[in-house]
Amino acid sequence: MIEKIFKLKENETTISKEIIAGLTTFMAMSYVIFVIPSILSQTGMDYAAVYGATIFATAIGTLLLGLFANVPYAESAGIGIASLFTYTICHAMGYSWQQALAMVFICSIVNLLITITSLRKRIIKAIPVFMQEAITVGIGLFIAYIGLTNAGLIEFVASKVQGGIAQDVTPRLHTFTGAGVILALIGLILTAILVLKKVKGAYLIGIIATTLIGIPLGVTPMPSFENYTIIPDITPTLFKMDFSSLFTTKAACVVTGMTIFTLCISDLFDTIGVFIGTGKKAGIFKMDEEGNMPKKLERAIFFDSLGTMIGALLGTSNVTTYIESSSGIEAGGRTGLTSVVTAICFLISLLFAPFIACVPMEAVAPVLIMVGASMLENIGTIDFKDISIAIPSFFVIAMMPLCYSITTGIEFGFIMYLIAFISTGKRKEISPLIYIFSFLFILKYIFTR
């Protein structure tokens, strides 16, 4: 039955590999079930309800990807978009969280329409091969950068503080004096050795071993059962979308429209970036000779959009494919069985949430660093001797980690690709969609500055 559903032999994998990969992905992204509620609850949303909604949306979205698209990816509410939801849409712009959820729901409908009309497929096909390779490299650096900062190996220092706000913040190497940094270094060395020795389940073993080592170092906390409930009540956020006042005036229509556009762009290109960046390297998504994407990628994109709709209905921000899925893929995951295992783990986490919360970021960070490093191999396929290719590739690769956003890297890459190819007389090689989206990106920066 399992072989028939997931085609394990065809994808050169086994049940044991898929289980280990699913567990690895879960361990790498389990922090979201605590981080997302802590962000969204600042809008006035009930913490326990968001906690439950996030877990259920994650499990449902991930199951859909696994069972119907047969891909080894996991979904959850994106932290970047959750921050946009809270600090920009609700705090800065003054929308209620109910109205913000309504915008997320509209965003999901737009993305579903984009998917059904094959626009997403055309966008992916419009991205030239060298840009796809640059996206893979950029995501690798982004993942590694997340790992380095979460490990505490890189710290941020302000030269001065004025009015309670840090000024001239710059990154620098940590002094290696804290227990967390020491634990992360131990975990990095241990994980690297396991990977180099080609130990099965190296990443999962690394996370578990580092977590245990963190106990005597005082980094891994003991489980806390305070305010713990097995099944959280999600009724305070369930179906609480408020569409009133979103489009009552022309001014409101413009502001709301640009806000929804920003949500759509962030969700759309974050997902495309993750699928292209990780799927191409692992051979999960193989384009044909004409650059057409496989059916499983089309299905994956459709169910990713459906995940956002489910998240909005339950009461959480845009659900998107998580970059941490790359840790499971690197551990050997190649089919939807990996996603099914991850989804089951998230549901089980309702029973063991106090223990899941004990896994410190310093234990997960080494895996992200190693996965990021492994994705840099694609840089050798980019022809940096051709300046028209080098410039847009550089912006894709550099802007993702430096701006902490996959979407921003792709946006700058599109714009610079347009400029570079027009300037060198290659405008006929540019797809009309690149012109359209580059123009929309520029409008976005003008209206959201």
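Everything discussed here concerns the structure shown above.
Residues numbered from 1 in each chain as written. Predicted model: local features only at pLDDT ≥ 70, side-chain atom pairs only at ≥ 80, totals over all residues. Heavy atoms only, no water.

(A) Inspection of the overall build of the protein chain at higher detail. Within the protein chain, the regular secondary structure consists of 18 helices and four strands. Along the three orthogonal principal directions, the C-alpha set of the protein chain runs to about 60 × 60 × 50 Å. For the protein chain, buried positions account for 57% of its 449 residues. Looking at the protein chain as shown, the accessible area adds up to about 19100 Å², and 67% of this sits on carbon and sulfur atoms. Looking at the protein chain, you have 28 positive and 27 negative side-chain charges, and the mean spots of the two groups are 6 Å apart. (Helix = DSSP H or I, 4+ residues; strand = E, 2+ residues; numbered from the N terminus. Buried < 20%, exposed > 50% of the residue type's maximum accessible area, 1.4 Å probe, protein only. Areas by Shrake-Rupley, 256 points an atom, 1.4 Å probe, with all protein chains shown as cover. Lys, Arg positive; Asp, Glu negative; His and termini not counted. Charge placed at Lys NZ, Arg CZ, Asp CG, Glu CD.)

(B) View of the packing of aromatic side chains. Applying the stated rule across the entire model yields 19 aromatic pairs. Taking 5.4 Å as the distance between ring centres and 80° as the angle between the ring planes, the aromatic pair formed by Phe394 and Phe395 counts as edge-to-face. Of the residues examined, Phe395 reaches a relative accessible area of 22% and is grouped as partly exposed. In textbook terms, an aromatic cluster arises when at least three aromatic residues are bridged by ring pairs, as seen for Phe269, Phe414, Phe437 and Phe441. The ring of Phe421 is capped by Lys426, whose NZ or CZ atom sits 5.0 Å from the centre of that ring. (Phe/Tyr/Trp six-rings, centres within 6.5 Å; stacked < 30°, edge-to-face > 60°. Lys NZ or Arg CZ within 6 Å of the ring centre and 35° of its normal.)

(C) Summary view of helix H7 (residues 119-126). For H7, the complete set of buried residues consists of Arg120, Ile123, Ile124 and Ala126. Burial along H7 is one-sided: seen end-on, the buried residues are contained in an arc of 160°. (Arc of directions from axis to C-beta.)

(D) Just a nonpolar patch on the surface, in detail. Taken together, the side chains of Phe225, Ile230, Ile231, Ile344, Ile348, Leu351, Phe352 and Phe355 make up a nonpolar region of the molecular surface, amounting to roughly 770 Å² of accessible area. Among the structural elements, Leu351 can be located in helix H14 (residues 336-356). Given the relative accessible area of 46%, Leu351 is considered partly exposed. (Patch = residues over 30% accessible without salt bridge, like charges linked within 9 Å, V, L, I, M, F, W, Y side chains within 5 Å. Salt bridge = Lys/Arg side-chain N within 4 Å of Asp/Glu carboxyl O.)

(E) Structural view of unusual backbone geometry. The phi angle at Asn70 is positive, at roughly 55°, despite the residue not being glycine. One can find Asn70 in the loop between helix H4 (47-69) and strand S1 (75-77). Even without being a glycine, Phe239 presents a positive backbone phi close to 55°. With respect to the helices, strands and loops of the structure, Phe239 is situated in the loop between helix H10 (202-217) and helix H11 (250-282).

(F) Structural detail: the packing of helix H2 (residues 15-29) against H10. At a closest axis distance of 8 Å, the pairing of H2 and H10 adopts a crossing angle of 40°. Taken as axis vectors, H2 and H10 run oblique relative to one another. Seen along the crossing, H2 lies across H10 with a hand that is left-handed. On H10, the residues touching Ile20, Leu23, Thr24, Met27 and Ala28 of H2 are Tyr203, Leu204, Ile207 and Ile208. (Axes fitted to C-alpha atoms, helices over the stretch in contact; angles between N-to-C directions. Parallel < 35°, antiparallel > 145°, perpendicular 65-115°, else oblique. Left-handed = near helix turned anticlockwise from the far one by under 90°. Contact = heavy atoms within 4.5 Å.)

(G) Here's a closer look at helix H9 (residues 179-196). Compared with an ideal rise of 1.5 Å per residue, which puts 18 residues at 26 Å, H9 spans 26 Å between its outermost C-alpha atoms and is within 8% of the ideal. Here H9 has its buried residues at Gly180, Val181, Leu183, Ala184, Gly187, Leu188, Thr191, Ala192 and Leu194. Within H9, the buried residues cover an arc of 165° as seen down the axis, which keeps them to one side. Facing away from the buried surface of H9 by more than 90 degrees, the exposed residues are Ile189 and Leu196. Packed against the buried residues of H9 are helix H8 (129-151), H10 and helix H15 (361-374). Within two residues after H9, Lys198 carries a phi angle of roughly 60°, on the positive side. (Expected span 1.5 Å × (residues − 1).)

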